[in-house]
Structures are given as structure tokens and as C-alpha cells.
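Single-letter residue listing:
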Amino acid sequence: AMLSRALLFPRLGQLSARSLQTSAPAQSGHHIEHWWGPEKAAGREVVGYGSTGDEAYQDRLDYWYPAIRFRKEDNVSGALRLKEKGDWKTLSAEDKKLLYRYSFRQTLAEFEAPSGYWKVMVAAGALVISLATFYAVLLNNYVYPAIPPTFQDEYKEAQVQRQLVLEKGYFLGPAKYYDYENNQWKK
């Protein structure tokens, strides 16, 4: 898979290596690294097979173990890795958290936390519905011709009265339900 990508996109590897070398340091003193994209492993330690067999970092709920560590090893993590090989009781809580953050992007609680993305989806749905409603109103008011008078209730009632007069004595249609002697509908 990696070979086919290299053949299809030969400059992709050069661009990603160049962008990693020129990354600006963050406020915490660590380099800003993207955990997605073509660089994937980019010097990170391979710690397993991963869910797909590629050397890529993925946070997934169904497969908790990514193939590579989240961050590249630097001076801080190198010292902690040596300290990690000894007794864990000597590690402080901050050291353990830092070790975790070098291996994983987020905790399970952070991964499962709601992102608020549903608000974007609701807003997009409301936008589509409002645009469709506006379009329908625009068509009804400015494009379509006026409704013919045959759709008005008064016209329909006049038609029924006309049928009653013309079809007097018929045993089908509206005449069947009309009492001509009392001049009202049968009950």
C-alpha cells in the first residue's frame, strides 16, 4: 500500500518531510505535529500492527491500540522512557500523564465526550428546509398561475346544487342523499 502511494504521489513524501522539518515550536516547547496525512509514522515509534496494518495513528473506539505512538520521541520523552523501564513507583503522576500523551492523542473520556457537531447538522438541516420553503413560497406567489375558481368552496357548493336540480329523481349521486320534499339532506 505504501509503495503504491509512493508511485502515485512521488512528491508527497518530499513535501511532508520538508513540512515536518520546518514545523514551528508550540507554546509548551514541543513541535506542532499533525497526526493525520501522508507523513503518518514520520519517525514515530512503531508499537504494534494497528487496525489496518498501516503504520498510522488512529483513535478508534473499536480498536484501542494504534500502530504507532502519537508523538515523535524527543529529549523529554526519551528521558521518561528510560525512567519508565525502571520502577513505576518512582514516576510522578505528571510523568505518567506525559507518557500517556506521548502514546495517545486523547483519553477514552475525551474521545467519547460530545463534540457539539450535532448542532452543525441541525443547522444545516434547518437551512435546507428554510431554503426549500422559501423557494416553494416564491414559486407559488410569482411563478404559478392563480388557482382557478373551480377550487373555491362556493363553486363546489354551486356544482352540488346544480347536480341536485338536474339529477332530480336519480338513485345515484348526490340526489340519492337529498330529501327534495323537505329541501334538506337526508339524515
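Residues numbered from 1 in each chain as written. Predicted model: local features only at pLDDT ≥ 70, side-chain atom pairs only at ≥ 80, totals over all residues. Heavy atoms only, no water.

Q: Would you mind showing me how to read the overall build of the chain here?
A: Of regular secondary structure, the chain possesses seven helices and two strands. Secondary structure of the chain in N-to-C order comes out as α-α-α-α-α-α-α-β-β. Relative to all contacts within the chain whose residues are 6 or more apart in sequence, the contacts with residues 24 or more apart total 36%. Approximately 14,900 Å² of the chain is accessible, and the part contributed by carbon and sulfur atoms is 61%. (Helix = DSSP H or I, 4+ residues; strand = E, 2+ residues; numbered from the N terminus. Contact = heavy atoms within 4.5 Å. Areas by Shrake-Rupley, 256 points an atom, 1.4 Å probe, with all protein chains shown as cover.)

Q: Just checking my understanding: could you explain the UniProt feature "transmembrane region" (unreviewed entry) in the chain for this structure?
A: Residues annotated in UniProt with the feature "transmembrane region" (unreviewed entry) correspond here to residues 117-138. Taken as a whole, residues 117-138 contains 100% helix and 0% strand, while its terminal C-alpha atoms sit 32 Å from one another. (UniProt positions renumbered as here; feature names shortened; annotations may be inferred.)

Q: How should the packing of aromatic side chains be read in this particular structure?
A: Geometrically, a pair of aromatic rings is defined through the distance of the ring centres and the angle of the planes. Scanning all chains against the criterion turns up five aromatic pairs. Both rings, one in Tyr-100 and one in Phe-104, keep their centres 4.9 Å apart while their planes meet at 35°; by these two values the pair is tilted. On the accessibility criterion, Tyr-100 (32% relative accessible area) is partly exposed. The exposure class assigned to Phe-104 is partly exposed, which follows from its relative accessible area of 25%. Taken together, the ring pairs connect Tyr-178, Tyr-180 and Trp-185 into an aromatic cluster. (Phe/Tyr/Trp six-rings, centres within 6.5 Å; stacked < 30°, edge-to-face > 60°. Buried < 20%, exposed > 50% of the residue type's maximum accessible area, 1.4 Å probe, protein only.)

Q: Help me out: how do you make sense of the side chain of Ser-103 in this one?
A: Looking at the element boundaries, Ser-103 is found in helix H4 (residues 93-103). In contact with Ser-103, other than residues within four places in its own chain, are Tyr-57, Ile-68, Arg-69, Phe-70 and Arg-81.

Q: Looking at this structure, how should I read empty space enclosed by the protein?
A: To locate leftover empty space, one rolls a probe as large as a water molecule over the atoms. Tallied over the full model, the rule gives one cavity of 30 Å³ or more. Roughly 60 Å³ of volume is contained in the largest cavity. Forming the boundary of the largest cavity are 13 residues, of which Gly-50, Ser-51, Ala-56, Gln-58 and Pro-66 lie nearest the centre. (1 Å grid on protein atoms, 1.4 Å probe; cavity = no way out; pocket = protein on both sides within 12 Å on 5 of 7 lines; lining within 4 Å. Points joined across faces, edges and corners; volume = space filled by probe spheres on them.)

Q: Help me out: how do you make sense of the side chain of Asp-95 in this one?
A: Following the sequence through the fold, Asp-95 ends up in helix H4. Classification of Asp-95 by relative accessible area gives buried; the value is 16%. With residues up to four places along the chain from it excluded, the contact list for Asp-95 reads Leu-80 and Lys-83.

Q: Please clarify how helix H3 (residues 75-84) should be interpreted in this entry.
A: A turn of α-helix holds 3.6 residues, and therefore any two residues three or four places apart point the same way. Turning to H3, its buried residues number three or more, namely Ser-77, Gly-78, Leu-80 and Arg-81. For H3, the angular spread of buried residues about the axis comes to 165°, placing them on one side. Along H3, exposed side chains directed more than 90 degrees from the buried face belong to Asn-75 and Leu-82. Tucked inside the fold, the buried residues of H3 contact H4. Regarding H3, its N-cap is Asp-74, as a side-chain oxygen of that residue lies 3.3 Å from the backbone nitrogen of Val-76 further along. (Arc of directions from axis to C-beta. Polar contact = N/O pair within 3.5 Å; in protein donor to acceptor, adjacent residues only side chain to side chain.)

Q: Would you mind going over the confidence of the model for the chain with me for this structure?
A: In regions of low pLDDT, the predicted coordinates are not meant to be interpreted in detail. This prediction gives the chain a mean pLDDT of 80; 78% of its residues lie at or above 70. Per-residue pLDDT, averaged within each element of the chain, yields its smallest value for helix H2 (residues 10-21) (43) and its largest for helix H6 (residues 117-143) (97). Across residues 10-35, confidence stays below pLDDT 50; counting only partners more than four residues off in sequence or on other chains, it has 25 contacts. (pLDDT = per-residue confidence, 0-100.)

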